[in-house]
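Per-entry structural report
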Amino acid sequence: MSIAVIGMIAGMALGFAGYFGGFGAFLLVAALGALGFVIGRFLEGDLDPGDFFRTRDHRRR
């Protein structure tokens, strides 16, 4: 499945949530979708947990 199709499905899910459930449901679906995306990236190995916890210093080694 291409990225465009996945994006379309996510957009449709957010649209349905916003239309039928209101703005609160829209935010809930968006937050859970983002969380699922990050967890999926962890499971695929594209993201390291250390990426979120490293300090941001200007001295890169």
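Our structure is the block above this text.
Residues numbered from 1 in each chain as written. Predicted model: local features only at pLDDT ≥ 70, side-chain atom pairs only at ≥ 80, totals over all residues. Heavy atoms only, no water.

Concerning the overall build of the chain
For the chain, the count of helices and strands is two helices and zero strands. The C-alpha radius of gyration computed for the chain amounts to 16 Å, which surpasses the reference 10 Å derived for 61 residues by more than 25%, pointing to a less compact arrangement than a globule. Expressed as lengths along the three principal axes of its C-alpha atoms, the size of the chain is roughly 50 × 30 × 20 Å. Looking at the 61 residues of the chain, the share that counts as buried comes to 2%. The averaged location of the 5 negative side-chain charges in the chain is 10 Å from the averaged location of its 6 positive side-chain charges. (Helix = DSSP H or I, 4+ residues; strand = E, 2+ residues; numbered from the N terminus. Rg over C-alpha atoms; globule rule 2.2 N^0.38 Å. Buried < 20%, exposed > 50% of the residue type's maximum accessible area, 1.4 Å probe, protein only. Lys, Arg positive; Asp, Glu negative; His and termini not counted. Charge placed at Lys NZ, Arg CZ, Asp CG, Glu CD.)

Remarks on a nonpolar patch on the surface
A cluster of nonpolar side chains, M1, I3, V5, I6, M8, I9, M12, F16, Y19 and F20, forms an exposed patch at the surface whose accessible area comes to about 1,200 Å². Along the chain, I9 turns up in helix α1 (residues 3–44). According to the relative accessible area criterion, I9 is partly exposed, its value standing at 44%. (Patch = residues over 30% accessible without salt bridge, like charges linked within 9 Å, V, L, I, M, F, W, Y side chains within 5 Å. Areas by Shrake-Rupley, 256 points an atom, 1.4 Å probe, with all protein chains shown as cover. Salt bridge = Lys/Arg side-chain N within 4 Å of Asp/Glu carboxyl O.)

None of the figures reported here should be taken as evidence of function without further support.
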